[in-house]
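# Fold and contact review
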Amino acid sequence: MEEIKKFSIEIIKELEKKFKNACCNQVAEAYLDCALLIKNKVEEYVKQNKATNE
């Protein structure tokens, strides 16, 4: 459970950075960046857990 909490906090911090740096004209790009960030983080997390469980 602690790992999931750390993982979630890491994602939130990265999203905060993206939105703090986005201006009104870049909202769509910021959303795309966030979606890609989440996808990559989840894939990384799954790979780490697979390696740990093997």
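Keep in mind the model is a prediction, meaning the values are calculated, not measured.

## Observations concerning the nonpolar core
By size, the foremost hydrophobic cluster in this structure holds 6 residues: Phe 7, Ile 11, Leu 15, Cys 34, Leu 37 and Tyr 45. At the level of secondary structure, the elements contributing two or more residues to this core comprise α1 (2-21) and α2 (27-53). Other than its neighbours up to four places away in sequence, Cys 34 contacts Leu 15, Lys 18 and Phe 19.

## A short note on α1
Compared with an ideal rise of 1.5 Å per residue, which puts 20 residues at 28 Å, α1 spans 29 Å between its outermost C-alpha atoms and is within 8% of the ideal. Residues of α1 that are buried: Phe 7, Ile 11 and Leu 15. Buried residues of α1, viewed axially, fall in a sector of 70 degrees; they line one side. Set apart from the buried face of α1 by more than 90 degrees, the exposed residues are Lys 6, Lys 13, Lys 20 and Asn 21. In this structure, the buried side of α1 is in contact with α2.

## A few points about the pattern of salt bridges
Here the structure, examined in full by the defined rule, presents 2 salt bridges. Across the pair Lys 41 and Glu 10 runs a salt bridge, and its minimum N-O distance is 2.5 Å. Note that Lys 41 is positioned in helix α2 and Glu 10 in helix α1, a separation of 31 residues in sequence. Its salt-bridge partner being Lys 39, residue Glu 43 comes within 3.5 Å of it at the nearest N-O pair. Highlighted residues: Glu 43 and Lys 39, both in helix α2, separated by 4 residues, approximately one helical turn. Its relative accessible area of 48% is what places Lys 39 among the partly exposed residues.

Cut-offs and rules
- Residues numbered from 1 in each chain as written.
- Predicted model: local features only at pLDDT ≥ 70, side-chain atom pairs only at ≥ 80, totals over all residues.
- Heavy atoms only, no water.
- Core = buried A, V, L, I, M, F, W, Y, C linked by side-chain atoms within 4.5 Å.
- Buried < 20%, exposed > 50% of the residue type's maximum accessible area, 1.4 Å probe, protein only.
- Helix = DSSP H or I, 4+ residues; strand = E, 2+ residues; numbered from the N terminus.
- Contact = heavy atoms within 4.5 Å.
- Expected span 1.5 Å × (residues − 1).
- Arc of directions from axis to C-beta.
- Salt bridge = Lys/Arg side-chain N within 4 Å of Asp/Glu carboxyl O.

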